[in-house]
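This is what each chain is made of:
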Amino acid sequence: MSSINPTPRDHNKASVLDVVLSHAPLTRNQLIELTGLSKATVSRAVEELRVDGFVMDRGVDAVAGRGRPSTYLDVPETAGHVVGVGFGAMTTGVLVTDLRGREIGHVIVPTVEHHDVPVAGRWLVDLIAQTSASARGPLRQVVVALPAHVRDGTEVFRPADPMKIFSGRDLQRTVEKLVDAPVTLDSDANASLLQVLTDDTSIRNAALFSVSSTLSFAACRDQELARGRTPAFGDIGSLSSGIDDRTLNGLLSTTGLVNLAREHGLDIERVEDLWLTSQDHRGRAEILKTFTTAVTTAVSIVAVTLDPESVYFVGRLRPLVDEVLPEVRKRLAQNLPAVPRITTVSQVLGLSVARGAVHACLAMTHNRLRHALLRARSQGAQQEQAAPAF
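What you are looking at is a predicted structure, and each value in this text was computed from that prediction instead of being measured.

As for the overall build of the protein
Point 1. Check the secondary structure of the protein and you find 12 helices and 15 strands.
Point 2. Taken along the three principal axes of its C-alpha coordinates, the protein extends 75 × 50 × 40 Å.
Point 3. The buried share among the 390 residues of the protein stands at 50%.
Point 4. The contacts of the protein with a sequence gap of at least 6 include a subset with a gap of at least 24, amounting to 63%.
Point 5. If you sum the accessible surface of the protein, you get close to 18600 Å²; carbon and sulfur atoms cover 49% of it.

Here it is in structure tokens:
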């Protein structure tokens, strides 16, 4: 009777699957080099994964001079797909990719105001279905990133004011039931930081502020996102801004800044109107001064507690952050022994957060497939089968 524990052969196959999912298309020689396994071991694993539906041949590598051309190995579209959703207060973006991260489709639409979680869940699922219409293979994972604190991938705390109805676990449960696939919730800040880390793999330790409908925060250490035990973790917005009794969220969010502008005599409806206000306006100058103090306070808190190499700002208030950054850097240099690199990152509204959510999807899916492969033997998969147990 065969052992129920994974064998060395199982672990070799899992290693080959990891590399194919992360680096395809690639040749067998590249696969041998990246896995460190023998040619015979890799060939056997490739053929097993081909039967499982996770490997296919795609194209030939042209060889100059003598030598046999190498066939590229790839992940077929039928292996499945993932969906990243940037569910914002104003804009929602949905991005669908295959298991290699290649786009299948995307959509960006205004977020419809909802007063009922089941109806909102159905609206999101309809967007997912519309965008996934041409996808092949099973839906492996959905990640919905929203302006809120999220615990355990399921529970929403302190979302942006227009999204208060999503507090709790109902949104995750509703969407997961409707799509019949794993659904994880996350903050828009975490998704944005994942996108930054993907764009620049040299970044090790960083922090990110998403300054939009609410202030949300993310951090990473050695490229791993930091996640806390309780909703208090990352709730920098509840801390004092250093201005009267105002919190950081009260000044580094679109709602808070619009309210501040009105207090200073600026009749604006949207925060973007502030960019159009004359720089000579006294009220605007006071707003900039207050905003500068709030940004300085936020970065100071992160610098002395997390010691990041870089601090990023994204979101609708990014243009104003750009305007005050020279003064912020000057103030920080006067008070801190070392100042982290501070920069803003431009985003495609709705889509950039969805891209970060896709990166989270792919990591979860690759990890789940690896574990499923290693568990297949213990689950009693002793008979030959055309489809993979995972």
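Describing the nonpolar core
In a soluble, globular protein the nonpolar side chains are often hidden away together inside.
Point 1. Counting residues in hydrophobic clusters, the biggest one holds 46 residues, and the most contacted among them are Val16, Leu31, Leu99 and Leu193.
Point 2. Going through the elements one at a time, α1 (8–23), α3 (39–52), α6 (188–199), β11 (206–211), β12 (215–221), β14 (310–314) and α12 (351–375) are the ones with two or more residues in this core.
Point 3. Broken down by element, the residue count for this core peaks at 10 residues, all from α12.
Point 4. Discounting chain neighbours no more than four positions away, the residues touching Val16 are Leu31, Thr35, Leu37, Ala45, Val46 and Leu49.
Point 5. Of all hydrophobic cores here, the second largest spans 39 residues; its members include Leu215, Phe217, Val302 and Val321.

What to know about the packing of helix α10 (residues 282–306) against helix α11 (residues 318–335)
Point 1. For the pair α10 and α11, interaxial distance at closest approach is 9 Å and the crossing angle is 60 degrees. If you check the angle between α10 and α11, you find them oblique. Relative to α11, α10 is oriented so that their crossing is right-handed. In this structure, α10 contributes Arg284, Leu288, Lys289, Phe291, Thr292, Thr293, Val295, Thr296, Val299 and Ser300 to the contact, and α11 contributes Leu320, Val321, Glu323, Val324, Glu327, Val328, Arg331 and Leu332.

A look at the side chain of Thr292
Point 1. Turning to its location among the elements, Thr292 is positioned in helix α10.
Point 2. Taking the relative accessible area as the measure of exposure, Thr292 reaches 5% and is therefore buried.
Point 3. Apart from residues no more than four positions distant in its own chain, Thr292 is found in contact with Val324, Glu327, Val328 and Arg331.

Some remarks on the sheet that holds strand β4 (residues 81–87)
Within a sheet, neighbouring strands are paired by backbone hydrogen bonds and run either parallel or antiparallel to one another.
Point 1. One open sheet holds the five strands; their spatial order is β6-β5-β4-β7-β10, and the pairing between them is mixed. In this open sheet, the two strands that pair with only one neighbour each are β6 (103–110) and β10 (183–187). Strand-to-strand twist across the sheet, computed as the mean angle between neighbouring axes with direction ignored, equals 15 degrees.
Point 2. Where strand β7 (residues 139–146) lies against β10, five bridges are found, and the strand directions are parallel. Among the inter-strand pairings, Val142 is bridged to a residue of β10, identified as Val183.
Point 3. Of the strands in this sheet, β7 and β10 are in contact with α6, which crosses β10 at around 90 degrees.
Point 4. Contacts from α12 reach β4, β5 (91–98), β6, β7 and β10 within the one sheet, and its direction differs from that of β4 by about 145 degrees.

Overview of the pattern of salt bridges
Point 1. All told, the structure shown has 25 salt bridges when counted by the stated rule.
Point 2. The salt bridge partner of Glu272 is Arg270, with a shortest N-O separation of 3.4 Å.
Point 3. Salt bridges sharing common partners tie together Arg9, Lys13, Glu48 and Asp52.

Digging into the sheet that holds β14
Point 1. Taken in spatial order, the five strands line up as β13-β12-β11-β14-β15 in an open sheet, and their pairing is mixed. The sheet is open, and its two borders are formed by β13 (224–225) and β15 (341–344), each paired with just one other strand.
Point 2. Bridging between β12 and β13 involves two bridges; their strand directions are antiparallel. Of the residues in β13, the one forming a bridge with Cys220 is Leu225.
Point 3. α6 contacts β11, β12, β13 and β14 of the sheet and is inclined by roughly 45 degrees relative to β12.
Point 4. In this fold α11 packs onto β11, β14 and β15, with an angle of close to 165 degrees to the strand it touches most, β15.

Here is what the cut-offs are and how they apply
- The residue count restarts for each chain, going from 1 along the sequence in the order it is written.
- Restriction of local features to residues with pLDDT of at least 70 applies here, the model being predicted, together with a cutoff of 80 or more for giving and counting side-chain atom pairs; totals for whole chains, interfaces and linings are based on all residues.
- No hydrogens and no water enter the side-chain calculation; it runs on all heavy atoms of the structure.
- Segments assigned H or I by DSSP are reported as helices when at least four residues long, segments assigned E as strands when at least two residues long, and all are numbered from the N terminus.
- For the exposure calls, accessible area comes from a 1.4 Å probe over protein chains only, and a residue counts as buried if that area is under 20% of its type's maximum, exposed if over 50%, partly exposed in between.
- Here, two residues are considered to be in contact whenever any of their heavy atoms come within 4.5 Å of each other.
- Under the convention used here, a 1.4 Å probe and the Shrake-Rupley method define accessible areas, while residue burial counts only the protein chains that appear.
- Residues belong to a common nonpolar core when they are buried Ala, Val, Leu, Ile, Met, Phe, Trp, Tyr or Cys residues joined through side-chain atoms within 4.5 Å.
- Working convention: axes come from line fits to C-alpha atoms, limited for helices to the stretch in contact. Angles between N-to-C directions cover 0 to 180 degrees.
- Any angle from 65 to 115 degrees is called roughly perpendicular, while one under 35 is roughly parallel, one over 145 is roughly antiparallel, and all others are oblique.
- Two helices crossing with the near one rotated counterclockwise from the far one by less than a right angle form a left-handed crossing, whereas a clockwise rotation gives a right-handed crossing.
- When DSSP finds at least two bridges between two strands, those strands are taken to pair.
- We define a salt bridge as a side-chain nitrogen of Lys or Arg found within 4 Å of a carboxyl oxygen belonging to Asp or Glu.

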